[in-house]
Amino acid sequence: MSIADQNTNLVIRRCNAEDVEEMKAFLKECITVNKYIYGEYDWMEFPLEDATYETFQETFGIGNLLLGLEDDVLQGIVVLTKKSAEKYKHVGNITLALRTDEHVSTMGKELIARMILVCKGKGVIRKVNLRVREDHFKIQEIYKNLGFYEEGSLARDVCQNGMFFSTLLYGRSID
C-alpha cells in the first residue's frame, strides 16, 4: 500500500497547465532558500521565469515531472532529466524538491517510488541516478530503502555559507 493510499490528503499526479504558476513559485522558493532539494542540479538551469506548460513538457517530457500535493497545496516535485546523447539515453537523473524536511519520509519516498514506476513504464530508461549532499542523512536512508546504492562521491562539491560538503552519487537499475 502506498503512502498516498494511506493518507487521503496526499495526491501524487502529473502536472497540468493550471499548475505552472504554482510550480514556478514553489521551485523558485526551493532554489532561493537553497534547501530541501535532493538530487541532480542540471534542471536548475531551466528558464523558470519564462516557463510555460509547453516548455516544461518539451524540456522534461510528458510524465517526467510529478507533483505531490497535500490538502491541495503543492508540497513536492520530482523531476526526471536525461541526456539526449545515444550512449546515455538509458540513464535518468532524479531530483526531488520538497517544501519542508518533514515530507522526506512520506511524500518524498512516494514521489521517488512513483518516478521509478514511470521509468519502468517508458521502457527506455534502465538506470536512475541521483545526487545527495553528504549531510542529508534522512534522504540517504530513504534512497537506500528504495534500492539505491552509493556509487561514489564528489569531494567538496558544494559550498554553502563558507562550508564545503561532498556530494554522494547514488544509482539504481530498474530492469
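These numbers were taken from a predicted model, which means no experiment stands behind them.

Attention now moves to the overall build of the protein. Scanning the protein for helices and strands turns up 5 helices and 8 strands. Secondary structure of the protein in N-to-C order comes out as α-β-α-β-α-β-β-β-α-β-α-β-β. In the protein, which comprises 175 residues, the proportion classed as buried is 47%. Of the contacts made within the protein by residues no fewer than 6 positions apart, 64% connect residues no fewer than 24 positions apart.

Core analysis: the largest hydrophobic core is formed by 28 residues, its most contacted members being V78, L96, L111, I112, Y143 and F148. Of all the secondary structure elements, the ones that give two or more residues to this core are β1 (10–14), β4 (73–81), β5 (91–98), α4 (104–122), β6 (127–133), α5 (137–145) and β8 (163–173). If you tally residues by element for this core, the top one is α4, at 8 residues. Leaving out residues up to four positions away in the same chain, V78 has contacts with N64, L65, L66, I94, T95, L96, L111, I112 and M115. C15, C30, F60 and L74 belong to the second-largest nonpolar core, a separate cluster that totals 19 residues.

A word on the side chain of N129. Position of N129 relative to the elements: it lies in strand β6. In terms of polar contacts, N129 uses its side chain to reach the side chain of K127, at 2.4 Å.

Within the chain, D71 stands out as a residue other than glycine whose phi angle is a positive 55°. Mapped onto the elements of the fold, D71 is located in the loop between β3 (65–70) and β4. Located in the positive-phi region is R156, a residue other than glycine, with phi close to 50°. For R156, the position within the fold is in strand β7 (residues 149–160).

In this section: the environment of L27. Note on placement: L27 falls in helix α2 (residues 20–33). Residue classification places L27 among the buried positions, given a relative accessible area of 3%.

Here we come to the packing of α4 against α5. One can describe the packing of α4 onto α5 by two numbers: an axis separation of 10 Å at closest approach and a directional angle of 40°. The angle between the axes of α4 and α5 places the two elements in the oblique class. In the packing of α4 onto α5, the handedness of the crossing is right-handed. Contact residues: V104, S105, K109 and I112 in α4; K138, I139, I142, Y143 and N145 in α5. Residue composition of the contact of α4 with α5, grouped by class: 5 nonpolar, 2 polar and 2 charged.

Conventions used here
Residues numbered from 1 in each chain as written. Predicted model: local features only at pLDDT ≥ 70, side-chain atom pairs only at ≥ 80, totals over all residues. Heavy atoms only, no water. Helix = DSSP H or I, 4+ residues; strand = E, 2+ residues; numbered from the N terminus. Buried < 20%, exposed > 50% of the residue type's maximum accessible area, 1.4 Å probe, protein only. Contact = heavy atoms within 4.5 Å. Core = buried A, V, L, I, M, F, W, Y, C linked by side-chain atoms within 4.5 Å. Polar contact = N/O pair within 3.5 Å; in protein donor to acceptor, adjacent residues only side chain to side chain. Axes fitted to C-alpha atoms, helices over the stretch in contact; angles between N-to-C directions. Parallel < 35°, antiparallel > 145°, perpendicular 65-115°, else oblique. Left-handed = near helix turned anticlockwise from the far one by under 90°. Nonpolar A, V, L, I, M, F, W, Y, C, P; charged D, E, K, R; others polar.

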